[in-house]
Every structure is written in C-alpha cells, then in structure tokens.
Amino acid sequence: MSVSGGRQTVALSRRHRMMAAGAAGATRMSVDVGDGTGSMAAGKSTRGSAYDSDNQDLPQAPVTNGPYAALGVTRTSTGDKEPLRTTLASDLEGGSAVDTIGSGQGPKRTGPPPSFWRVQCDALGELFLTYLNLLLIFVPIGQYCHYTKMASIYVFVTNFLAIIPLASLLGGATEAISAHTNQIVGGLLNATFGNAVEMIMCVQAVRAGLIQVVQGNLLGSILSNLLLVLGMSICASGLLRKTQRFNADGAAANMTCQAVASISVCLPTMFKGVAGSTEEEVLMISRVCSIFLMAVYGLFLFFQLKTHSDLFADEEDEEAHEENLSPTLSIILLFCCTLVVAACSDSLVDSIEDVSTNYGLPKAFIGTILLPIVGNAAEHATAVTCAYKGMMDLALGVAVGSCTQIALFVVPCAVMFGWVFDQPMNLAFRNFDTACQMLSVFLVSQVLQHGNTNWLHGAMLMTTYSLIAVITWFIPE
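Fair warning: this is a prediction, and the values are worked out from it, not measured in the lab.

Calculation criteria
- Residues numbered from 1 in each chain as written.
- Predicted model: local features only at pLDDT ≥ 70, side-chain atom pairs only at ≥ 80, totals over all residues.
- Heavy atoms only, no water.
- Helix = DSSP H or I, 4+ residues; strand = E, 2+ residues; numbered from the N terminus.
- 1 Å grid on protein atoms, 1.4 Å probe; cavity = no way out; pocket = protein on both sides within 12 Å on 5 of 7 lines; lining within 4 Å.
- Points joined across faces, edges and corners; volume = space filled by probe spheres on them.
- Nonpolar A, V, L, I, M, F, W, Y, C, P; charged D, E, K, R; others polar.
- Axes fitted to C-alpha atoms, helices over the stretch in contact; angles between N-to-C directions.
- Parallel < 35°, antiparallel > 145°, perpendicular 65-115°, else oblique.
- Left-handed = near helix turned anticlockwise from the far one by under 90°.
- Contact = heavy atoms within 4.5 Å.
- Patch = residues over 30% accessible without salt bridge, like charges linked within 9 Å, V, L, I, M, F, W, Y side chains within 5 Å.
- Areas by Shrake-Rupley, 256 points an atom, 1.4 Å probe, with all protein chains shown as cover.
- Salt bridge = Lys/Arg side-chain N within 4 Å of Asp/Glu carboxyl O.
- Buried < 20%, exposed > 50% of the residue type's maximum accessible area, 1.4 Å probe, protein only.
- Expected span 1.5 Å × (residues − 1).
- Arc of directions from axis to C-beta.
- pLDDT = per-residue confidence, 0-100.
- Phe/Tyr/Trp six-rings, centres within 6.5 Å; stacked < 30°, edge-to-face > 60°.
- Core = buried A, V, L, I, M, F, W, Y, C linked by side-chain atoms within 4.5 Å.

(A) Representation of unusual backbone geometry in the model. Positive phi, normally seen in glycine, also occurs at Lys 149, with a value near 60 degrees. By secondary structure assignment, the location of Lys 149 is in the loop between helix H4 (138–147) and helix H5 (152–178). In this structure, Asp 422 is a non-glycine residue whose phi angle is positive, near 60 degrees. With respect to the helices and strands, Asp 422 occurs in the loop between helix H13 (392–420) and helix H14 (431–448).

Printed below as a string of structure tokens:
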C-alpha cells in the first residue's frame, strides 16, 4: 500500500493480494487514507485456514503482525462465513477507489466521466458503423437513377436496397428514444415506429392508386411477422434449447387482436360477393370497420399499458449499453431517417408499375413478399437474435406485437389515407389474401397456446410462408 505526494493513491501489490486471498475465511478490511496512516476493520471468519478452525474458541483479537504490520495497518478478524472481501477506499480528488478481492471483480476505475459529446459520438458510431449500413451508398444512387429517368429496374433495385439500412437506422433511433422510457412504453415505441416504413410506403402507394399493392404489402407484413419472423425465431432458439417457454397470456392477448383484425378484413370481402352490393357500399363499410379497428387498438394500448401491463413485461436485456443517444439527438435522427425513407419509398413505388409490366414481376409478389422484407429486415434480425439468446418473450414482442400494430393501426390508417386522397382503398382483399390471413392466425394461435414451443413449430411456420410466397408468384394481374 502506498500514499504518495499531494495526490493520494492506494495500491495493493500482487504479493499482498495473494496473501490476503489466502488469509483465514472472510476478512473485510477498510482503509482510511489521510496523512499516510491507516486503520483496518475486519469482518468475521470461521473457516478458511487450519489455524482458525483449531483455535475458534480463542478470543478474537486485533492482528498487528504479518504483511500488513509494516504498512501500519490493523486487521481485526472475527467469526463469520462471508466470502473474503477486502475493500480499500481513499479520497481521490473528491472520488473513491474501491478494490474487491475474492469477489471476481477488479478495481473500479475512477476519473472524470466522459463528456456529453463523447458519449453521443460513441453512440452514433455504434449505430452507424455496421456492415448493413454499407448499403447506404444506394441512397444517393437510387435518387440519381430516379431523377435521371434511368430504367425502372435500376430505380427499383437501388431504392429497394437503400431502404433496408434506413429501416435499421430508424429502428435504432426509436430504441434510443425508448431507452429513456420504461420497458413497456419502449416496446410500444419500437413496434410503432418500427412500422413507419410500412406506413410511409402505404401512403405513397395509396396516393399513386396502387390499391392492390397496398393491400398486398399490408398482408405481407402481417404474414412475414406471423410466419417467417416467428418461425425463424423459434428455430433459432431451438438450436440451443429443446423447449422454449414464454408468456402465454401476453401472446394470447395479441393473437385475439389478430383474430378481430382478420374478421374485420373477412367481412367486407364476403360482403363484396353478396348479390346487389356496390363498390361504394363496400368502401363505406371498410371505413366504418377501420374506425372500429382503431378503437380496438386504443383499448389494447390501455390494456397493455395500464390494466394488465404485467402480462407484457419482457425479461431484462442483460446486454445493456451505457452509451445512449440523448432524446433530442434521437428525435433529430428519427426525423431525418423518416424524410430519407419517404424519398426512397416514393421512388420505389413509382417504379413498381413499369417493373411489373416490362419485367414480368407480379404485383402480388412485389407487394406481399418483397416490400415487407424491406420494411421488416431490421425487426427480423432483432427478433431472431433475441430468440437465439433465450429472450423468447422479447422476440414474440417484436414479431407478434409488431403484427398486431399493423393489423389494428396501419391497416385502418391506410383506409383513412385513401379517404383523404380520394382513392378507393378498402378492406375487401382478394379471397386468397383473406384466407391466408385467417389460416395463419389460426396456425400461430395453435403454436402459442401452450406457452412453449420447439424447433418443429418454427419449421412448420416457415414452410407455410414459403407455400404462400410460391402461390403469389402465379397470381394473375
């Protein structure tokens, strides 16, 4: 132990550490360093050396000999079964240095905390310096292809690739904002703004009059989350675990909302086939159903946040990051990403018609399979990673929770946007689309009803999604 100069420092040599670790039982020492002298109050010890066990009836007395005597330190040993824990503290310019021996921890470093801007730069670096963000190079390329009127296939591909990292950044900004809230509100923010890409693309497509593309995009987002993302998550968890357990009550609440959303789509579709029904009546019924769906969404939020919040509490993420973006910088990043996503999605939507006509790519396949991959790529990766690490409740919250947000909020919003832009956006989907949604909800409900799954369930969900993807390729225009 040394005390040096005007700036006091405390050090415990390697030799002293080994001797302290080999001392009897649990010894707790605290050292006050002021003018170079110290006093040490020890904890209790009943075992740890043969000497202690042979003399446990002897009166306990201060120990002034041994390696600490030369340091002017008094160590008192009493009987206790605490683990060996030696604590050294000194005033270091208003701070403290603490060293714990036998606890598996090293000395806690002291010093001035990093500056605000250093923390923000580190957080931005963690967010931007990823391999996925290499695709950001396609943002200016896609805009160049769009404004120079290049071939539609180049515009489609470049903007398609550009939106993938933008969706990831949008999700990162949302997570940074949610880090300043509690867990449940943060999960809702992730699910809501995680679907901002779908919302923006729906607005652009509705304004362009691509009603079937919008309907396919909404259906594809629901199916990809329910079947593909959830299936991959279950399989990823099944690689390390025989059975994965999760909160069945929270999953049941989400799937009940999915059933209501499926019924709201099925009813206008069935009404359209009734003899004597008109397009105006179907459109009006769709708008009424959308209002009811948004009301159910509000009730679900109240249920999730207020009355039954315990059903949706996920396990804590053990890999918490110390560096977080400030709320102001997170909002600025979220706003900028939204603007760039809007520009790229506008270029992407404008190229869909020509790509479908000139290159034979079916609109049903574009809307149901390709566009949802763009908007949900970051969420897919998050859910699969969480499931692989054993956080199955969190993976379900991302996959099924996001799906509920789309069904109860994004779908009715798309109908309302059609009302604003005077476009016939309704809930009368194709019979095939309606059947896929109903059957998928039924299948996932069966998988999640018991509160545990295995890798075979995940394989079944992914197989179902693959069958739907193949059939959409052959749907005629």
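(B) Up close: empty space enclosed by the protein. What the rule picks out here adds up to one cavity of 30 Å³ or more. Put simply, the largest cavity is a space of about 30 Å³. Lining the largest cavity, in full, are Met 201, Cys 202, Ala 205, Val 213, Val 214, Asn 217, Val 349 and Leu 371. Contributing elements (two or more residues each) for the lining of the largest cavity: helix H7 (196–207) and helix H8 (211–238). Classifying every residue of the lining of the largest cavity gives seven nonpolar, one polar and no charged.

(C) Looking closely at the packing of H7 against helix H11 (residues 327–359). Where H7 contacts H11, the axes come no closer than 9 Å and their chain directions differ by 40 degrees. In terms of their interaxial angle, H7 and H11 are classed as oblique. Pair H7 / H11 crosses with right-handed handedness. Facing H7, whose interface residues are Val 197, Ile 200, Met 201, Gln 204, Ala 205 and Arg 207, H11 presents Thr 338, Val 341, Ala 342, Ser 345, Asp 346, Leu 348 and Val 349. Considered class by class, the residues forming the contact of H7 with H11 number eight nonpolar, three polar and two charged.

(D) Representation of a nonpolar patch on the surface. Together, Ile 263, Leu 267, Met 270 and Met 438 make up an exposed nonpolar region whose accessible area comes to about 380 Å². No other element matches the three residues that helix H9 (residues 248–272) contributes to the nonpolar patch. Locating Ile 263 in the fold gives a position in helix H9. Residue classification places Ile 263 among the partly exposed residues on the basis of a relative accessible area of 43%.

(E) The arrangement of H14 in detail. Spanning 18 residues, H14 covers 26 Å between terminal C-alpha atoms, matching the ideal 26 Å at 1.5 Å per step. Every buried residue of H14 is listed here: Asp 433, Thr 434, Cys 436, Gln 437, Ser 440, Val 441, Val 444, Val 447 and Leu 448. The buried residues of H14 all sit within an arc of 160 degrees when viewed along its axis, so they share a single face. In H14, the exposed positions angled more than 90 degrees off the buried face are occupied by Asn 431, Leu 439 and Phe 442. Close packing links the buried residues of H14 with H8, H9, H13, strand S9 (452–453) and helix H15 (455–473).

(F) Representation of H7 within the structure. Here H7 is 12 residues long and its end C-alpha atoms lie 17 Å apart, about the 16 Å a rise of 1.5 Å per residue gives. Judged by how many residues are buried, H7 sits mostly within the fold: 10 of 12 residues are covered. Taken from the residues just after H7, Gly 209 is the one with a positive phi, measuring 80 degrees.

(G) Quick look at the confidence of the model for the chain. Confidence in the prediction of the chain, expressed as mean pLDDT, is 74, and 70% of residues score 70 or more. Of all secondary-structure elements in the chain, the lowest mean pLDDT belongs to strand S1 (residues 28–29), at 40, while H15 reaches the highest, 93. Confidence drops under pLDDT 50 across residues 1–106; counting only partners more than four residues distant or on other chains, this segment forms 155 contacts. Segment residues 315–322 is flagged for pLDDT under 50; beyond a separation of four residues in sequence, or across chains, it makes 11 contacts in the model.

(H) Main features of the packing of aromatic side chains. The tally for this structure, following the rule as stated, stands at three aromatic pairs. Pairing Phe 365 with Trp 473 gives two aromatic rings, centres 5.0 Å apart and planes at 85 degrees, and the pair type is edge-to-face. Taken together, the residues Phe 365 in helix H12 (residues 363–388) and Trp 473 in helix H15 connect sequence positions 108 residues apart.

(I) Broad picture of the nonpolar core. In this structure, Leu 230 and Leu 448 are the most contacted members of the largest nonpolar core, which totals 94 residues. Element by element, the count of residues in this core is highest for H13, at 15 residues. Those residues within four positions of Leu 230 in sequence are excluded, and the remaining contacts are Asn 225, Leu 396, Ala 399, Val 400, Val 444, Leu 448 and Leu 461.

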